[in-house]
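Spelled out from the first residue to the last, the chains are:
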Amino acid sequence: MTVAEAQGAVDAVWRIESARIVAGVARIVRDVGLAEELAQDALVAALEQWPESGVPKNPGAWLMAIAKRRAIDLIRRKETYQRKLAELGHELEIGGESVEDSVEDRVEAILEDHIEDDLLRLVFTACHPVLTMDARVSLTLKLLGGLKTDEIARAFLAPEATIAQRIVRAKRNLAKAGVEFEVPSGPELLARLQSVLEVVYLVYNEGYSATTGDDWMRPALCNEAMRLGRLLVELMPTEPEVLGLLALMELQSSRANARTGPDGEPVLLLEQDRRRWDRLLIRRGLEGIDRAWALETPPGPYLLQAAIAACHARAADPDDTDWARIAGLYAVLAQVTPSPVIELNQAVAISMAFGPERGLQAVDLLADDPSLKDYHLLPSVRGDLLFKLGRLDEARTEFEKAAALTRNERERKLLLERAATCSE
C-alpha cells in the first residue's frame, strides 16, 4: 500500500469513527481537547504503519486501541492508577495480575460497556452553553463530524485560521470552566438538549439557505447535519424533539433537487417540480413525525416545524397544500417559541389560505419590530403580497430593499429580477 492510499484509508475511517474514538478516550482523560490530540496520535501511527502492514480488518477498532493505549500511558505518567480509576467509578485491585494488564483490562471494559453513552457525553460537551454558538458549531463539526479545520472553514466561507483559533479557544474554555464529561440529568437535560438541537439545525440551515456567498445551497453541510441528527436519534430514540428535528431536516432536504435551476438559480417552493422531490426522504420524515407524535408529549418547536413541512410534502400539487392547517401550526409554534420570524411565516400562510390582503395586514403588524429591521425576508414577503395586489410600484421598492439586505448573491439576483418585473 502506498502512502497516498494509506492517507485515503485513514481519512475515510476517521470520518466514520472519529466521534467514537474521541468520545471513548475522553471518558478516560476527562478532557475532549486532550482526547482529540490522542486520537490524532493514533492517526499518525496509522499513517506510519498501514503502508507496510496494510489496513486492518477493523480499522476503527485499531485506531481506538492505539488512542486508548496513549491515554493509559498518559494516566500512568500523570496520576496514580487508583486515583484515575476512582474518578471512573472503579477500584483497582492488582492482586496477582501484572500492572499493565490490570489497567488496560479495566479501562477496556469500561469503554466497551459505555461507548454509546460516551458519544452522548461528547455531544453535550461539544454543545455546552458555556461556549459561543460559533464555537459550538465548529467544535461539533470537528469532534462529532470528523471534519478537518479547512473543511469547516470552506463550508462557512471563513478563513481557516479563524476556525482553528475558534476550536482551540473552545477546548480551552471547556477546560477552564471545568465542564464535566457527562450527560446532564433532570430538568437540566431538556435545557441542554435544546442547545444541542440548535447547533445541529444551525449547521443544517446554513447548508439549506446559505447566508453568504454565491451558492443558494451547500449540500455538504445539510448532509453533515442530517448525519448528526441520525446519531442523536440513535442515542435518544424517545426524545420527540430529536425525532422532530431529524424529520424536519429530511423533509426539507427532500426538495433539494428541485430548489435550483440548471444554472444554480433559486426555484421557489410553489414553482418547484415536485416530481423531483425525494420520496425516500419524505417517507422517512413522515415516519419520524409519526414516531414523535406517538410519544404523546406536548409538541416542541422542531416537531411543529416538521409538521408544517409535512403539509408541503403531502401535497402532490401546490394547490393541494393545506395552508389553513399550516397557519394554525405556525400560531401554535409562535406560542411555544415566540419569534417575529415565525409570525412572518404565519403571515405568508395566512395570505395563501385567506388572500394577500389578510396576509399584508399580518405582515404590516411586524413592520416596526426592531429585530426584523435588517431581515431581508420581511420586505421580500411584503413585496410579493403587494405584487399580488397589483401595487407594483410599492412592490418594486420592497424587492429592491430586500436585495440590498441579503448577503447571498443568488438571492440578490432573484430579488432584483422580481423588482424588474414590476416595471414591465
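Within any chain, residue numbers begin from 1 and follow the written order of that chain's sequence. Local features in this predicted model are restricted to residues of pLDDT 70 or higher, and side-chain atom pairs are both shown and tallied only at a pLDDT of 80 or more, whereas totals for entire chains, interfaces and linings draw on every residue. To get the side-chain values, take all heavy atoms of the structure and skip hydrogens and water.

Draft legend 1. Examining unusual backbone geometry more closely. Even without glycine at this site, Arg30 takes up a positive phi of about 60°. Under the scheme used here, helices are H or I runs from DSSP no shorter than 4 residues and strands are E runs no shorter than 2 residues, and both carry numbers assigned from the N terminus. Within the fold, Arg30 resides in the loop between α1 (3-29) and α2 (32-53). Even without being glycine, Glu296 reaches a positive phi, approximately 55°. With respect to the helices, strands and loops of the structure, Glu296 is situated in the loop between α12 (279-294) and α13 (301-313).

Draft legend 2. Summary view of empty space enclosed by the protein. Buriedness of a pocket was judged along seven lines, with at least five required to meet protein on both sides within 12 Å; pockets are open sets of points on a 1 Å grid over the protein atoms alone, cavities are sets where a 1.4 Å probe fits but cannot get out, and lining residues have an atom within 4 Å of a point. Grid points are joined across faces, edges and corners, and a volume is the space filled by probe spheres set on the points. By the definition in use, this model includes two cavities of 30 Å³ or more. Roughly 40 Å³ of volume is contained in the largest cavity. Surrounding the largest cavity, Val123, Thr140, Leu144, Val196, Val200, Leu228, Leu231 and Leu232 form its lining. Looking at the lining of the largest cavity, the elements that each hand over two or more residues are α9 (187-208) and α10 (219-235). For this scheme, ten residues count as nonpolar: Ala, Val, Leu, Ile, Met, Phe, Trp, Tyr, Cys and Pro. Four count as charged, namely Asp, Glu, Lys and Arg, and the remainder, Gly too, count as polar. Of the residues belonging to the lining of the largest cavity, the class tally is seven nonpolar, one polar and no charged.

Draft legend 3. Looking closely at the pattern of salt bridges. When a carboxyl oxygen of Asp or Glu lies within 4 Å of a side-chain nitrogen of Lys or Arg, that pair is called a salt bridge. Inspection of the entire model under this criterion finds 20 salt bridges. Taken together, the shared-partner salt bridges connect Arg27, Asp118 and Arg121 into one network.

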